[in-house]
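Survey of secondary and tertiary structure
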Amino acid sequence: MKRIRNLMLGAALSLLTAVSMAATVDVSGVKMEDTIDFRGAKLELNGAGVRYKAVFKVYAAGLYLTKKASTAEEVMVATGPKRLSITMLREIDSAELGKLFTRGVEDNSPRSEMSKLIPGLMRMSQIFSDQKKLLPGENFLIEWVPGTGTVITVKGKVQGEPFKEPEFFNALMRIWLGPNPADWKLKDALLGK
C-alpha cells in the first residue's frame, strides 16, 4: 500500500513539474507560451519582441516554428506549420495597417514576384480595412498550414479562404524578417537574438 502511495505521489510530482515547465514569456504585458499545440504539431516560440514606431510601442509579436531558426532564410525554408502572433499594444487604424503590410512586402520582395503577390495583398488589405481598427489587447495571427495555405485570423475569427501560394506567406514574413524589416530590433528578437 505504501509503495502504491509513493508511486502515485511521484507521478503527481512529475505532472506538476511538467505543468510548471509550460512557461510563458512576457512581452510588454502580452503573455506568449513557450510552446503551443497547433493542429497536432508542437510549435516552439522562436522569438518575440515589440514593434516600435518612433518611441511608441505598437504591438508585441511572437514567431512560432517546429524547430528554432536564427536566420530569415531558415524560417522561409522550414517545413511544417508556422505562426506569427501579433497583439496590439495601442489602437491602430486597420486600413493603415493593411497599407503598411503592402508597403512592407513591396520593400522586401523581388520585383519579379510582385505581380504574383498583388491579388493576395489586395485581399489582405481588404481583410484589415473591414476591421476598422484594432484596439490594445486585440490579436491577429498569420499562419502557414501545410496543404492548406496561409490562414489569417483576426480577433479569433478566420478571415476568408486561405491564401494557397507558399510565396505569399514568405512575402508576409519578409515584412518582419526581410532585408528592410519594419523594425530591426523586432527582426532580431523574432530570430531569437
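Provided above is the structure to which this section pertains.
Residues numbered from 1 in each chain as written. Predicted model: local features only at pLDDT ≥ 70, side-chain atom pairs only at ≥ 80, totals over all residues. Heavy atoms only, no water.

**Observations concerning the pattern of salt bridges**
Going through the model one piece at a time under the given rule, you end up with 6 salt bridges. The salt bridge involving Lys 31 is made with Asp 26; its shortest N-O contact spans 2.6 Å. Judged by its relative accessible area of 55%, Lys 31 is exposed. Close ionic contact of Glu 91 with Lys 133 constitutes a salt bridge, the shortest N to O distance being 3.4 Å. In this pair, Glu 91 is assigned in the loop between strand S6 (82-88) and strand S7 (92-93) and Lys 133 in strand S8 (residues 133-134), connecting sequence segments 42 residues apart. Using a relative accessible area of 48% as the deciding quantity, one classes Glu 91 as partly exposed. (Salt bridge = Lys/Arg side-chain N within 4 Å of Asp/Glu carboxyl O. Buried < 20%, exposed > 50% of the residue type's maximum accessible area, 1.4 Å probe, protein only. Helix = DSSP H or I, 4+ residues; strand = E, 2+ residues; numbered from the N terminus.)

**Here we look at the side chain of Lys 82**
Turning to its location among the elements, Lys 82 is positioned in strand S6. Despite its burial, Lys 82 pairs with no opposite charge; the closest candidate is Glu 74, at 11 Å N-O. At 3.0 Å, the side chain of Lys 82 and the backbone oxygen of Ala 78 are in polar contact. Setting aside residues no more than four positions away along its own chain, Lys 82 makes contact with Tyr 64, Leu 65, Val 75, Met 76, Ile 142, Glu 143, Trp 144, Phe 169 and Asn 170. (Lys, Arg positive; Asp, Glu negative; His and termini not counted. Polar contact = N/O pair within 3.5 Å; in protein donor to acceptor, adjacent residues only side chain to side chain. Contact = heavy atoms within 4.5 Å.)

**Description of the packing of helix H3 (residues 94-108) against helix H5 (residues 166-177)**
Put simply, H3 and H5 touch, their axes get as near as 8 Å, and they point 90° apart. As judged from the angle between their axes, H3 and H5 are roughly perpendicular. Each of Phe 101, Gly 104, Val 105 and Asn 108 in H3 lies in contact with H5, whose residues at this interface are Ala 171, Leu 172, Arg 174, Ile 175 and Trp 176. Its residues assigned to classes, the contact of H3 with H5 shows 6 nonpolar, 2 polar and 1 charged. (Axes fitted to C-alpha atoms, helices over the stretch in contact; angles between N-to-C directions. Parallel < 35°, antiparallel > 145°, perpendicular 65-115°, else oblique. Nonpolar A, V, L, I, M, F, W, Y, C, P; charged D, E, K, R; others polar.)

**Examining H3**
For H3, built from 15 residues, the straight-helix expectation of 21 Å at 1.5 Å per residue is met to within 8% by its first-to-last C-alpha distance of 21 Å. The set of residues buried in H3 consists of Ser 94, Leu 97, Gly 98, Phe 101, Thr 102, Gly 104, Val 105 and Asn 108. Along the axis of H3, the buried residues cluster in a sector spanning 160°; they form a single face. Opposite its buried face, H3 presents the exposed residues Lys 99 and Arg 103, each directed more than 90 degrees away. Of the surrounding elements, those touching the buried residues of H3 are S7, helix H4 (111-131), S8, strand S9 (139-145) and H5. Of the residues flanking the start of H3, the one acting as N-cap is Asp 93, its side-chain oxygen 3.2 Å from the backbone nitrogen of Ala 95. (Expected span 1.5 Å × (residues − 1). Arc of directions from axis to C-beta.)

**Here's the deal with the sheet that holds S6**
Strand order across the open sheet formed by 7 strands is S3-S4-S5-S6-S9-S10-S11, with antiparallel pairing between neighbours. Every other strand in the sheet has two partners, leaving strand S3 (35-38) and strand S11 (157-158) as the edge strands with one partner each. In this structure, S3 lies alongside strand S4 (residues 41-53), joined through 4 bridges in antiparallel fashion. Of the residues in S4, the one forming a bridge with Ile 36 is Leu 43. Sitting on the sheet, H5 is in contact with strand S5 (56-65), S6, S9 and strand S10 (149-154), with an inclination near 135° to S9. (Pairing = 2+ DSSP bridges.)

**Considering the nonpolar core**
Of all hydrophobic cores here, the largest spans 40 residues; its most connected members are Phe 140, Ile 142, Trp 176 and Leu 177. A total of 8 residues in this core trace back to one element, the largest contributor, which is H5. Look past the residues within four positions of Ile 142 in its chain and what remains in contact with it is Lys 82, Arg 83, Leu 84, Met 124, Thr 150, Val 151, Ile 152, Phe 169, Leu 172, Met 173 and Trp 176. Core analysis: the second largest hydrophobic core is formed by 12 residues, Phe 38, Leu 45, Ala 60 and Tyr 64 among them. (Core = buried A, V, L, I, M, F, W, Y, C linked by side-chain atoms within 4.5 Å.)

**Examining the packing of aromatic side chains**
Under the defined criterion, the tally for this structure stands at 6 aromatic pairs. Residues Phe 101 and Trp 176 carry aromatic rings whose centres are separated by 5.5 Å and whose planes lie at 70° to one another, so their mutual orientation is edge-to-face. Placement of the pair is Phe 101 in helix H3 and Trp 176 in helix H5, with a sequence separation of 75 residues. Neither Phe 101 nor Trp 176 differs from the other in exposure class; each is buried. Ring geometry for Phe 128 versus Phe 140: centroids 5.0 Å apart, planes at 75°, classification edge-to-face. Here Phe 128, found in helix H4, pairs with Phe 140, found in strand S9; they are 12 residues apart in sequence, far enough to count as distant. Counting every residue linked through ring pairs, the aromatic cluster contains Phe 101, Phe 128, Phe 140 and Trp 176. Stacked on the ring of Phe 163, the Lys or Arg Arg 123 has its end atom at 3.9 Å from the ring centre. (Phe/Tyr/Trp six-rings, centres within 6.5 Å; stacked < 30°, edge-to-face > 60°. Lys NZ or Arg CZ within 6 Å of the ring centre and 35° of its normal.)

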